[in-house]
Amino acid sequence: MYRNIYLNVILTIIAILLLAVSIVFIWAVDELRFKAEKSNKRLARIEEKLDILVSGGLTFAGSNKETASGKVPEKMANSQYYNPKAPSGGRIISAIMTSTKNLNYLVNNESLAGSLWEYANDSLAEVDYNDITKFEPQLAESWKLSEDKMVYTIKLKKGVLWQDFTDPVTGKVWKNKEVTAADFKFYVDVIKNKDVNAAPLRVYFKDLEKVEIVSKYEFRVHWKRKYFKSLEITLGLNPLPRHLYHAYDGDFDGKKFNNDHERNRIIVGCGPYRFVKWAKGQRIIMQRWEKYYGARYGVMPPIKTKVFEVIPHPNTRLQALKGSTVDSISLTPEQWVNNTDTPDFTSDKGHLKKIKYLGRSYSYIGYNLKNPLFKDKKVRQALTHLVNRKRILNEVYHDLGRITTGPFFIESPYYDKSIKPYEFSVEKAKKLLKEAGWKDTDGDGIIDKNGKNFVFAVMSIANHPTLPKMLPIIKEDMAKAGIVMNINTIEWSVYVQRLETKSFEVCTLGWGLGLTPDPYQLWHSSQADKEHSSNHIGFKNKEADKLIEEIRVTFDLKKRIELCHKFHQLLHEEQPYTFLFARDSLMAINRRYQNVDVFKIGVPTKIMWVPKAEQKSVPGL
């Protein structure tokens, strides 16, 4: 009996121990499961932040998949050109010739407005400074192209903020507002609105059908038809702050957008520099946006303040540079040759240096083709024969440039190098004018036709550094063929107004050139009668239209180059412009600026920096 009692006690103890072990085991399993679930959730959150960046099935330029860790480093355009050890602070004051009519580049086609906008804004992607065929992400986290090449799906980076500002009309203060897909749709919708004075931009969006919002950070760009620049234009899209430009009830008003003078005196962007102040006719001040999302990717500009100082006269600009009241200027050819051999530039202790590279642009004389004087191409050819480009390039530009014959960058494959410039020849000009019916019938030294003398006025820009030297040479040579050329010098604001309304006879200007040419904006007949269009000379030609339209849908590079050569040849025959020069870009800058390099796109200032001991403040700021 006692034996059974002992046995029961022993069995009870064993049962209790087994139960305890089981409880411990179950608790351990649950703890492991809990930790596993926690790890999986953390891993999922990490994976959400690590998207593989693809563009039409190709990885982003510079992306580097690390298979061992499973991580893909986030990428930002041109981050490799920033010095991570560059000290923060300082200023750069750039002297400019003239101010601008407003700061809204959608309705203002002036280059200064576009440059200021670029400092204040980012696009979805940007080309590599040294490889203009390679796109790298800015606002876009990723992009993908559909199989039919008609739809781009864009995913945006999160946490990108619009710059803080106070609405100049309502007084409302805006802070910490995020950039979303709706801001890109607003940008495209505004440009495509026919009431908006955005004709030069609108031609590029002709075949862009719509922007479809998928979510707060994702949208699709739909194209009506294939267009060889669709990738470039899609990735070049900017957001537009609806909270600034549509800060009222009801539908968007395009005419109000054009004439919203107070709001068009500021810039609100999401880029590295924010607008601070515009003293019209004096200076424009921008400061680094300290909430700029690019700081996460190592592309925060080191220089804190950018100032654009209006100094109309070139010699005054040079003296301001030498006196260190400004830091950077564009040099005239004469200054490059005659005024940069001083110790300021040449001495080891000199504080200035100069930079030269072939500009991606061309200059021209444009004839208003609505004027009966310029209807006949023989007349236009004759006028080109009367422009002594070799002499002008030598005497006015000191051979700092090259004579050009067409609308494409002279160093690009689209430019037909087999086309030779019309030679300077008064005799050939007289022969062509006579064939066109122009001769001196009354012996007064001026050729005439149907009782009308050949007299015209060319617009010249006030305080321009080279036109006062170039135009008198042309005037003198025109007179040799019996043509009276008057020179009408006017302020830039009036000049622009006359261009936009096509109320001029002859102009002389230049065009900056994009990465891949699309002649539609300047040369298609559909733009000839539109105010504010870039076809301000009113050029119309059915054969040119056909070539332009074919160029736009030709993806094969070799074929597109052939079409561009044909278009170049047609313009050479028609001579709606007298094409002048692809001029060297001439720049002078204070030596305290570091990381000043010439890239394929020019000289980017966002990557420059100044040693801490040499940083300066902006006077009066």
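Presented here is a report on the structure given in the accompanying data block. This is a predicted model, so every value here is computed, not measured.

1. A few points about the overall build of the chain
Counting secondary structure elements, the chain contains 18 helices and 25 strands. The proportion of buried residues among the 621 residues of the chain is 52%. In the chain, once contacts between residues fewer than 6 apart in sequence are set aside, the share between residues at least 24 apart is 69%. Split by element, the accessible area of the chain, about 29500 Å² in all, is 52% carbon and sulfur.

2. Here we look at the nonpolar core
Grouped together as the largest cluster of nonpolar side chains are 155 residues, with contacts concentrated most on Leu 106, Phe 454, Phe 456 and Trp 523. Residues Ala 95, Ile 285, Ala 320 and Trp 336 belong to the second largest nonpolar core, which totals 18 residues.

3. So, the environment of Ala 140
Among the structural elements, Ala 140 can be located in strand β6 (residues 140-145). For the pair Ala 140 and Ser 123, spaced 17 residues apart in the sequence, the C-alpha separation amounts to 8.1 Å. Filtering out sequence-adjacent residues up to four positions away, Ala 140 remains in contact with Leu 124, Ile 154, Lys 155 and Lys 157.

4. Focus on the packing of aromatic side chains
For the structure shown, the criterion picks out 29 aromatic pairs. Members of the aromatic cluster, each reached through a chain of ring pairs, are Tyr 362, Tyr 364, Trp 511, Trp 523, Phe 539, Tyr 577 and Phe 579. It is Arg 552 that lies over the ring of Tyr 227; its NZ or CZ is 4.3 Å from the centre. One cation-aromatic arrangement involves Arg 552 over Tyr 520; the distance from NZ or CZ to the ring centre is 4.5 Å.

5. Here's the deal with the environment of Lys 172
Considering the arrangement of structural elements, one finds Lys 172 in the loop between β8 (165-166) and β9 (173-174). Residues Lys 172 and Leu 244, 72 residues apart in the sequence, show an inter-C-alpha distance of 9.9 Å. Setting aside residues no more than four positions away along its own chain, Lys 172 makes contact with Phe 165, Thr 166 and Asp 167.

6. A word on helix α13 (residues 426-435)
For α13, the set of buried residues is Val 426, Ala 429, Leu 432 and Leu 433. The buried side chains of α13 occupy one side of the element, clustering within an arc of 125° when seen end-on. Facing away from the buried side of α13, by more than 90 degrees, are the exposed residues Glu 427, Lys 431 and Lys 434. Those residues of α13 that are buried lie in contact with α11 (377-385). Gly 437 sits one or two residues past α13 and shows a positive phi near 95°.

7. Quick notes on the pairing of strand β25 (residues 581-590)
Most of β25 is tucked away, with 8 of its 10 residues classed as buried. As paired elements, strand β15 (residues 328-330) and β25 share 3 bridges and run antiparallel to each other. Each residue of the ladder has a partner; that of Ser 328, found in β25, is Ile 589. Here strand β16 (residues 352-358) pairs with β25 via 7 bridges, running antiparallel. Looking at the pairing, Ile 355 lines up with Met 587 of β25. Two elements, strand β18 (residues 401-403) and β25, share 3 bridges in a ladder whose sense is antiparallel. Across the sheet, Arg 402 pairs through a bridge with Ala 582, a residue of β25.

8. Things to note about helix α3 (residues 181-192)
Relative to the 16 Å expected for 12 residues at 1.5 Å per residue, α3 spans 17 Å between its end C-alpha atoms, a close match to the ideal helical length. Every buried residue of α3 is accounted for by Ala 181, Asp 183, Phe 184, Phe 186, Tyr 187, Val 188, Val 190 and Ile 191.

9. Quick look at the pattern of salt bridges
If the charged atoms of two oppositely charged side chains come close together, the side chains can form a pair. On inspection of all chains with the given rule, the structure shows 28 salt bridges. Asp 189 is paired through a salt bridge with Lys 185; the nearest N and O atoms lie 3.2 Å apart. Taken together, the positions of Asp 189 and Lys 185, both in helix α3 and 4 residues apart, correspond to about one turn of that helix. Given the relative accessible area of 36%, Asp 189 is considered partly exposed. Asp 260 is the partner of Arg 263 in a salt bridge, and the nearest nitrogen-oxygen pair spans 3.0 Å. The same class applies to Arg 263 and to Asp 260, which are both buried. Three or more residues are tied together by salt bridges with common partners; here these are Lys 206, Asp 207, Arg 225, Asp 518 and Arg 552.

10. Some thoughts on the sheet that holds strand β7 (residues 151-156)
Spatial ordering of the open sheet is given by β6-β7-β11-β10, a layout of 4 strands whose pairing is antiparallel. The open sheet has two edge strands, β6 and β10 (208-215), and neither has a second partner. For this sheet, the mean angle separating the axes of adjacent strands, direction not counted, is 20°. Two strands pair when backbone bridges link them, and β6 and β7 are joined in this way by 5 bridges, in the antiparallel orientation. The partner of Leu 145 across the bridge, within β7, is Tyr 152.

11. With respect to the packing of helix α17 (residues 542-552) against helix α18 (residues 557-574)
The interhelical angle for the contact between α17 and α18, taken along N-to-C directions, is 160°, at an axis separation of 10 Å. For the element pair α17 / α18, the angle class is roughly antiparallel. The element α17 and its partner α18 pack so that their crossing is left-handed. Along the contact surface, α17 presents Glu 543, Ala 544, Leu 547, Ile 548, Glu 550 and Ile 551, while α18 presents Lys 559, Arg 560, Leu 563, Cys 564, Lys 566, Phe 567 and Leu 570.

12. Topic: the packing of α11 against α13
Running from amino to carboxyl end, α11 crosses α13 at an angle of 165°, the nearest separation of the two axes being 8 Å. With respect to α13, the axis of α11 lies roughly antiparallel. The chirality of how α11 crosses α13 is left-handed. Mapping the contact onto sequence places Lys 378, Val 379, Gln 381, Ala 382 and His 385 in α11 and Lys 428, Ala 429, Leu 432, Leu 433 and Glu 435 in α13. Residues belonging to the contact of α11 with α13 are distributed by class as follows: 5 nonpolar, 2 polar and 3 charged.

13. A word on the side chain of His 524
Along the chain, His 524 turns up in the loop between α16 (520-523) and α17. Here His 524 falls in the buried class, since its relative accessible area comes to 7%. For His 524, the side chain forms a polar contact with the side chain of Glu 549, separated by 2.8 Å. Each residue touching His 524, except ones within four places of it in the same chain, is listed here: Pro 519, Asn 535, Phe 539, Asp 545, Ile 548 and Glu 549.

14. Re the environment of Leu 580
Mapped onto the elements of the fold, Leu 580 is located in the loop between β24 (577-579) and β25. The spatial distance from the C-alpha of Leu 580 to the C-alpha of Arg 389 is 6.7 Å, given a sequence separation of 191 residues. Aside from chain neighbours lying at most four places away, what touches Leu 580 is Ser 363, Tyr 364, Ile 365, Val 387, Arg 389, Arg 402, Ile 403, Thr 404, Met 470 and Thr 508.

Rules of the game
Residues numbered from 1 in each chain as written. Predicted model: local features only at pLDDT ≥ 70, side-chain atom pairs only at ≥ 80, totals over all residues. Heavy atoms only, no water. Helix = DSSP H or I, 4+ residues; strand = E, 2+ residues; numbered from the N terminus. Buried < 20%, exposed > 50% of the residue type's maximum accessible area, 1.4 Å probe, protein only. Contact = heavy atoms within 4.5 Å. Areas by Shrake-Rupley, 256 points an atom, 1.4 Å probe, with all protein chains shown as cover. Core = buried A, V, L, I, M, F, W, Y, C linked by side-chain atoms within 4.5 Å. Phe/Tyr/Trp six-rings, centres within 6.5 Å; stacked < 30°, edge-to-face > 60°. Lys NZ or Arg CZ within 6 Å of the ring centre and 35° of its normal. Arc of directions from axis to C-beta. Pairing = 2+ DSSP bridges. Expected span 1.5 Å × (residues − 1). Salt bridge = Lys/Arg side-chain N within 4 Å of Asp/Glu carboxyl O. Axes fitted to C-alpha atoms, helices over the stretch in contact; angles between N-to-C directions. Parallel < 35°, antiparallel > 145°, perpendicular 65-115°, else oblique. Left-handed = near helix turned anticlockwise from the far one by under 90°. Nonpolar A, V, L, I, M, F, W, Y, C, P; charged D, E, K, R; others polar. Polar contact = N/O pair within 3.5 Å; in protein donor to acceptor, adjacent residues only side chain to side chain.

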